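So you can see what is in the structure, the chains are spelled out below.
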Amino acid sequence: MAHRLEIKDFRSSVATKEGPKEILKGVNLEASSDEIHVLMGPNGSGKSTLAYSLMAHPDYATSGSVRLDGTELELLTPDERAKEGLFLGMQYPVEVPGVPLANFLRTSLKALKGEAPSIRSWPSILKGYMERLKMDPQFAFRNVNEGFSGGEKKRAEILQLEVLKPKFAILDEIDSGLDVDALRIVSEGICRSHEEGCGIILITHYARILKYVHPDFVHLFYKGKIAMSGGKDLADRIEEEGYDELIGTLS
Amino acid sequence: MKTDDGLFEPEGTASFDFGAFGNMEKREEWKYAPLDVAEEFKEPFKPSLCARVLLNGSEPGEGKAEKLLSPRDQVEAAGFASVGRSFPIRVPEGKTRIEVKNKGKRDSLFLSLRFGKGKSDAVLFFEGEGDGVYFLDAAAPEESQVTLTVICLGNGKRFIYDSTRIASGAKVKRNLLCLGGGFDRYSLGAYFAGPRAEAEMNGIYFACGECYTECRVRVAHSVPDCKSRVSYRGALIGSSARSAWVGESIIGKGAPGSDSYELNKNFVLTPGAKSFSEPQLEIKNGDIVAAGHSSSVGYFDPIQLFYLRSRGIGEEEAKRMIISGFFEELLSNMESGEGEEEFRAFCRKMGVSNGAQA
Ligand SMILES: Nc1ncnc2c1ncn2[C@@H]1O[C@H](COP(=O)(O)OP(=O)(O)OP(=O)(O)O)[C@@H](O)[C@H]1O
Ligand SMILES: [Mg+2]
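Residues numbered from 1 in each chain as written. Chains lettered and ligands numbered in written order. Predicted model: local features only at pLDDT ≥ 70, side-chain atom pairs only at ≥ 80, totals over all residues. Heavy atoms only, no water.

Enquirer: Which parts of the structure should I look at to understand the side chain of Asp121 of chain B?
Expert: All names here are of chain B. Assignment of secondary structure puts Asp121 in strand E5 (residues 119-127). Judged by its relative accessible area of 13%, Asp121 falls in the buried class. A distance of 3.3 Å separates a polar atom in the side chain of Asp121 from a polar atom in the side chain of Lys95. (Helix = DSSP H or I, 4+ residues; strand = E, 2+ residues; numbered from the N terminus. Buried < 20%, exposed > 50% of the residue type's maximum accessible area, 1.4 Å probe, protein only. Polar contact = N/O pair within 3.5 Å; in protein donor to acceptor, adjacent residues only side chain to side chain.)

Enquirer: Mind showing me how you'd approach the site of ligand 1 here?
Expert: Residue and element names in this part refer to chain A. Contacts to ligand 1 come from 15 residues, most closely from Gly44, Lys47, Ser48, Thr49 and His205. At 2.5 Å from an oxygen atom of ligand 1 is found a side-chain nitrogen or oxygen belonging to Thr49. Against a free-state accessible area of 640 Å², the protein chains account for coverage of 66% of ligand 1. (Near = heavy atom within 4 Å. Areas by Shrake-Rupley, 256 points an atom, 1.4 Å probe, with all protein chains shown as cover.)

Enquirer: What exactly am I supposed to notice about empty space enclosed by the protein here?
Expert: The gaps left among the atoms become clear once a water-sized probe is rolled over them. Residues and elements named next belong to chain B. For the coordinates displayed, the defined rule picks out 1 cavity of 30 Å³ or more. Of the volumes computed, that of the largest cavity is approximately 30 Å³. Taken together, Val100, Lys101, Asn102, Phe126, Glu127, Gly128, Gly130, Tyr134 and Arg158 form the lining of the largest cavity. Elements represented by at least two residues in the lining of the largest cavity include exactly strand E3 (94-101) and E5. Classifying every residue of the lining of the largest cavity gives 3 nonpolar, 3 polar and 3 charged. (1 Å grid on protein atoms, 1.4 Å probe; cavity = no way out; pocket = protein on both sides within 12 Å on 5 of 7 lines; lining within 4 Å. Points joined across faces, edges and corners; volume = space filled by probe spheres on them. Nonpolar A, V, L, I, M, F, W, Y, C, P; charged D, E, K, R; others polar.)

Enquirer: Explain the sheet that holds strand E1 (residues 4-16) of chain A to me, please; I cannot follow it from the model alone.
Expert: The strands that make up a sheet are held in pairs by hydrogen bonds between backbone atoms, and each pair lies either parallel or antiparallel. All names here are of chain A. With antiparallel pairing, 4 strands are arranged side by side in an open sheet as E2-E1-E4-E5. What marks the edges here is a single partner per strand, and that holds for strand E2 (19-32) and strand E5 (71-72). Looking at chain direction, strand E4 (residues 60-68) and E5 are connected through 2 bridges and run antiparallel. By the bridge assignment for E5, Leu68 is matched with Thr71. Packed on one face of the sheet, helix H1 (residues 47-54) meets E1, E2 and E4 and runs near 105° to E1. (Pairing = 2+ DSSP bridges. Contact = heavy atoms within 4.5 Å. Axes fitted to C-alpha atoms, helices over the stretch in contact; angles between N-to-C directions.)

Enquirer: Could you clarify how one ought to interpret the domain arrangement of chain A in this entry?
Expert: Put simply, an interface is often sized by how much accessible area is lost when its parts join up. Residues and elements named next belong to chain A. Splitting chain A by domain gives domain 1 (4-93 + 152-250) and domain 2 (98-147). One C-alpha centre belongs to domain 1, the other to domain 2, and the line joining them spans 25 Å. Taken together, the contact between domain 1 and domain 2 spans 18 residues of the former and 19 residues of the latter. A buried area of about 1800 Å², summed over both sides, lies between domain 1 and domain 2, and 66% of it is on carbon and sulfur atoms. Sorting the residues of domain 1 by area buried against domain 2 places Leu159, Val163 and Leu164 first, and these three jointly supply 34% of that buried surface. For the pair domain 1 and domain 2, the number of links is 1 salt bridge. The shortest N-O distance in the salt bridge between Arg132 and Glu162 comes to 2.8 Å. At the boundary of domain 1 with domain 2, the tally comes to 5 residue pairs in polar contact (both at pLDDT 80 or more). Of all the elements in the fold, those that place two or more residues in the side of domain 1 that touches domain 2 are helix H2 (78-84), helix H5 (150-164) and helix H6 (180-195). Residue composition of the side of domain 1 that touches domain 2, grouped by class: 8 nonpolar, 2 polar and 8 charged. (Domains from an automatic or database assignment. Buried area = accessible area lost by both parts, 1.4 Å probe. Salt bridge = Lys/Arg side-chain N within 4 Å of Asp/Glu carboxyl O.)

Enquirer: How should the side chain of Asp162 of chain B be read in this particular structure?
Expert: Residue and element names in this part refer to chain B. For Asp162, the position within the fold is in strand E8 (residues 157-166). In this structure the side chain of Asp162 is engaged in a polar contact, spanning 2.6 Å, whose partner is the side chain of Tyr186. With residues near it in sequence (within four places) discarded, Asp162 still touches Leu136, Val150, Arg174, Tyr186, Ser187, Leu188 and Gly189.

Enquirer: I would appreciate a short explanation of the pairing of strand E10 (residues 183-192) of chain B in the present structure.
Expert: On a regular strand, one side chain projects to one face of the sheet and the next to the other, so that they alternate. Residue and element names in this part refer to chain B. Judged by how many residues are buried, E10 sits mostly within the fold: 10 of 10 residues are covered. Neither face of E10 is open: one carries Phe183, Arg185, Ser187, Gly189 and Tyr191, the other Asp184, Tyr186, Leu188, Ala190 and Phe192, and all of them are buried. Bridge count for E8 against E10 is 10 bridges, and the pairing is parallel. Its bridge partner being in E10, Ile160 is matched across the sheet by Tyr186.

Enquirer: How should I be thinking about helix H7 (residues 232-241) of chain A in this particular structure?
Expert: Since the α-helix turns once every 3.6 residues, residues separated by three or four places project in the same direction. All names here are of chain A. Listed in full, the buried residues belonging to H7 are Leu234, Ala235 and Ile238. Taken around the axis of H7, the buried residues stretch over an arc of 105°, which confines them to a single face. Phi for Gly242, located one or two positions after H7, is positive at around 85°. (Arc of directions from axis to C-beta.)

Enquirer: Help me understand the layout of surface pockets in this model?
Expert: Residues and elements named next belong to chain B. Quantified by volume, the largest pocket comes out at close to 580 Å³. Taken together, 31 residues line the largest pocket, and the ones lying closest to its centre are Glu29, Arg72, Arg216, Arg218 and Glu248. Those elements that place two or more of their residues in the lining of the largest pocket are strand E6 (132-140), E8, E10, strand E12 (212-221), strand E14 (242-251) and strand E16 (274-283). With 6 residues, the single largest contributor to the lining of the largest pocket is E10. Here the residues of the lining of the largest pocket sort into 9 nonpolar, 7 polar and 15 charged.

And the structure:
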């Protein structure tokens, strides 16, 4: 059965020296896990803020409603949201010194599912996932994201997505900084997850990833809101016309 | 102040006379430690002889042992005047295990460790809730490869004075794990007695609850072409935990080609806990390879925590992983494997893990 993510009048602000600054100004979005939603929008429009706020990042104070399969997430902590099935692939994945990727993922699996593969079977299971993403198996022993190149970090995010199997994944600029081969490999990972039932919300600046990940909906994010929605053709229009012109047609 | 071979000459008072140091409250070397603890150790005392020493499981013979350096603070001088028993120990190649257990009253004892040629790996434990002043005097001969790991466990009040003389071409690794739960003030010195020698000094310390841990690490370069690396990391748990780290690196006039680096990082886990970190570099020779230091006191990075939590890992467990990760690299540098088990056990007790046993 498909999962549903419902975001209603979602607002988010950060604390600044001059007081709270509202960045998200009432986001509404409904998505089913058998759909792929793409979010595009100019720099600074609030896409990452939306991604972080949905995952309860500590910098943001939020209001409104976020429901996953009917469960209200608004008051839950990041780990509780992850347990409800939400996943965030970050624009800038964080380094965790001294914690090998394999240990991290196993601990995470255990936290999410209540049990993890045995220590003995885990390396070969993980290796299987890594092979599909053409990751050197040595990455399992390296500390999480430490010294990973930009592209390697993104690949490691998709590895986590595939291992953890959430209900819904928000992927923030997962395609930025990827070479052409990596873009294809990462896209394949996203599509595999989607086929296994994971809903996808893909934040991107480039239509090139849409060659591999076919969106059902494209939303134009502007000044903290969804300003326009459409199908794949909206992405093409953005690419051709640019944001200024498109937004101009709105006002 | 000079050793027999006239090598080690840092500035400041050095004397076997405990009265030579002046008012403790005004002394630089006592600016961090709680002086009420030092109070009982300011003057020579009658040692309880409670401490037991085991060398590979059996008691070594007592004898005359030579202290190579003069005391550099009052407790050291008073403690040395109070030494009840001395143990000159020859450390052969291969593995050696030494235990110093004190479950009784205030004691003072002296261990001199003379390492043999070749490769030796010794571990020394300080255990028990007893108080004391302990002296450790190690010497690594020419071209030897020495690893000496000291592990402090238990809740005693301890002042430890430990120095290592490193002869030419020798490679010495000095690891320290301060995992006590009482009071530890550990002074560790390494000095080079001949060129082309190397010292690697790794340390991990915890200050938990009410406990106080101070590590003072001194490396003296007074001969050419030696290399030293000092790397210490500490964590503080509990709002009244206190730690201090002082790293002195001295490069003398006669030490061209010196290469030294010292690093200290502290992780404050509980608000209110206080950690002092003070690197001191004293360079009297312009013709060196490198001399650097870095020192920091840090707290949990909320973004790192968020990242782990966004993967379903609960706050407490995420914190434990971050702390354990903080020590992991240093632990693997210690190589000898000694202390790893004690460290892991200590971490389990403190609820710290890097996910390896998840
Ligand atoms: N912690 C913060 N403090 C102050 N301003 C912030 C904070 N976080 C976000 N902002 C501001 O909110 C706005 C939205 O930022 P956000 O990162 O969400 O944009 P974005 O759409 O993801 O942009 P990009 O395409 O460049 O990644 C920006 O103007 C940014 O400066
Ligand atoms: Mg962004």
